[in-house]
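A structural walkthrough
Residues per chain are reported as follows:
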Amino acid sequence: MMIREKDFHTISIKDAYNGEAYRVLPFYRNGREVRGARWGMTLKSAGSMRFRWNEQNPVRSQMLLELCGRFGAKTAAAVQLDHTKDVLCITEADETCGKIADGIITKNERIIPVVTVADCVPIFLFDHRTSAFGVVHSGWKGTGIAAVAIEKMLTHYGSKPDDICVAIGPHIHSCCYLVSEERAEYFRTTFSAGSVQPCQQEEREALSATIRWNYGEGALFRLSLLNANLAVLKKAGIPDANITYATDCTCCTPIFGSNRRETSQGSEFTVQAAFTVRE
């Protein structure tokens, strides 16, 4: 699958960055901005949004409190992630308590569904007709979870693919994401041939000089999680003109937290919160 940028709405968060803790952005349908819901994510400057049910994170709690206040009488709903394709459909925020999953869908405008990411792909959804909305975390193991979320929107809320707007947020792009031949073959055959391309030795050496990562032996390939997820959305029937994607790579752009970049530099990585909110 080849990406033709003219078919999608693209956005770069770093281009307008001025030190803020998070960004909130619009959905698009048929190439035009849609009102009713917005998507967003925290940036590295906000601090780590790491979340586990058995841990306390005051920085995260304060940030979510601020978000809920900004959008008025909202309650954040979170899940502990485990790189699954499990998506919860909820009517109240407390229905996620203690749950392990990688996505949340709801119609309750008082809820802000939240997942965490740090190089993995945040995918945001909004149906302008039924008002169903949500967010999913799509790591490489969970690629395909967007289709699960869309199917749940169709089944539980009567959504239609033509009415669903999708935004793919900042994540590690193929410029920084090298994988083994085995993983490349999995993505090539499961999702799209355009998801992978061979990595030349000089490219491997150049990347290794800045990102100290154990790439192992053997051939390496550049993996595009963007292309893989665009293939998933196409198969699910989402029109290209309803899709927005961020061109920012979390790994090579310092305003974002990045597992691969930060851990390769010997520090803890900064987890980011990704959310969808009704206006």
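Refer to the structure above for everything that follows.
Residues numbered from 1 in each chain as written. Predicted model: local features only at pLDDT ≥ 70, side-chain atom pairs only at ≥ 80, totals over all residues. Heavy atoms only, no water.

So, on to the overall build of the protein. A count of helical and extended segments in the protein gives six helices and 15 strands. Taken as a whole, the protein presents about 12100 Å² of accessible surface, with 48% of it coming from carbon and sulfur. Counting 32 positive and 31 negative side-chain charges, the protein places the averaged centre of each group 3 Å from the other. (Helix = DSSP H or I, 4+ residues; strand = E, 2+ residues; numbered from the N terminus. Areas by Shrake-Rupley, 256 points an atom, 1.4 Å probe, with all protein chains shown as cover. Lys, Arg positive; Asp, Glu negative; His and termini not counted. Charge placed at Lys NZ, Arg CZ, Asp CG, Glu CD.)

Time to look at unusual backbone geometry. The phi dihedral of His 83 falls on the positive side, at around 55 degrees, and the residue is not glycine. Residue position: His 83 is located in the loop between β4 (75-78) and β5 (88-90). Judged by its relative accessible area of 40%, His 83 falls in the partly exposed class. Its identity is not glycine, yet Ser 131 carries a phi of approximately 70 degrees, on the positive side. Here Ser 131 shows up in the loop between β8 (121-127) and β9 (133-138). (Buried < 20%, exposed > 50% of the residue type's maximum accessible area, 1.4 Å probe, protein only.)

Counted according to the given criterion, the structure contains twelve salt bridges. Glu 262 is paired through a salt bridge with Lys 44; the nearest N and O atoms lie 3.6 Å apart. Of this pair, Glu 262 sits in helix α6 (residues 259-264) while Lys 44 sits in the loop between β3 (32-42) and α1 (58-71); the two residues are 218 residues apart in sequence, bridging distant segments of the chain. Under the relative-accessibility criterion, Lys 44 is labelled partly exposed at 33%. For Arg 50, the salt bridge is made with Glu 55, and the minimal N-O distance between the two is 2.8 Å. Judged by its relative accessible area of 37%, Arg 50 falls in the partly exposed class. Several salt bridges share partner residues, and in doing so they unite Arg 29, Arg 129 and Asp 163 into one network. (Salt bridge = Lys/Arg side-chain N within 4 Å of Asp/Glu carboxyl O.)

Here the focus is helix α5 (residues 225-235). Among the eleven residues of α5, nine are classified as buried, and the element is accordingly described as predominantly covered. Along α5, the residues that are buried comprise Leu 225, Leu 226, Asn 227, Ala 228, Asn 229, Leu 230, Ala 231, Val 232 and Leu 233. Gly 237 sits one or two positions beyond α5 and adopts a positive phi of about 95 degrees.

With that out of the way, let us pick up the environment of Trp 39. As for its position among the elements, Trp 39 is in strand β3. Overall, Trp 39 belongs to the buried group, its relative accessible area being 0%. Distance in space between the C-alpha atoms of Trp 39 and Ala 274 is 7.7 Å, their sequence separation being 235 residues. Engagement of the side chain of Trp 39 in a polar contact is seen with the backbone oxygen of Pro 26, the distance being 2.9 Å. (Polar contact = N/O pair within 3.5 Å; in protein donor to acceptor, adjacent residues only side chain to side chain.)

The full count for this structure, using the stated rule, is eight aromatic pairs. Plain terms: the ring middles of Phe 8 and Tyr 245 are 5.8 Å apart, the flat faces sit at 65 degrees to each other, and that makes the pair edge-to-face. Taken together, the positions of Phe 8 in the segment before β1 (9-11) and Tyr 245 in strand β14 (residues 243-246) put the pair 237 residues apart, joining distant regions of the chain. For the pair Phe 8 and Tyr 245, one class covers both residues: buried. Geometrically, the ring pair formed by Trp 39 and Phe 124 is tilted, given 4.8 Å between the ring centres and 35 degrees between the ring planes. (Phe/Tyr/Trp six-rings, centres within 6.5 Å; stacked < 30°, edge-to-face > 60°.)

A word on the sheet that holds β3. If you trace the five strands from one edge of the open sheet to the other, you get β2-β3-β15-β7-β4, paired in mixed fashion. In the strand order of this sheet, the two ends are held by β2 (22-29) and β4, each with one partner. When strand polarity is set aside, the average angle formed by the axes of neighbouring strands in this sheet is 30 degrees. Bridging between β2 and β3 involves eight bridges; their strand directions are antiparallel. The residue bridging Tyr 22 from the neighbouring strand is Thr 42, located in β3. Against the sheet, α1 makes contact with β2, β3, β4, β7 (111-117) and β15 (272-278), and its axis sits at roughly 50 degrees relative to β2, the strand it touches most. (Pairing = 2+ DSSP bridges. Axes fitted to C-alpha atoms, helices over the stretch in contact; angles between N-to-C directions. Contact = heavy atoms within 4.5 Å.)

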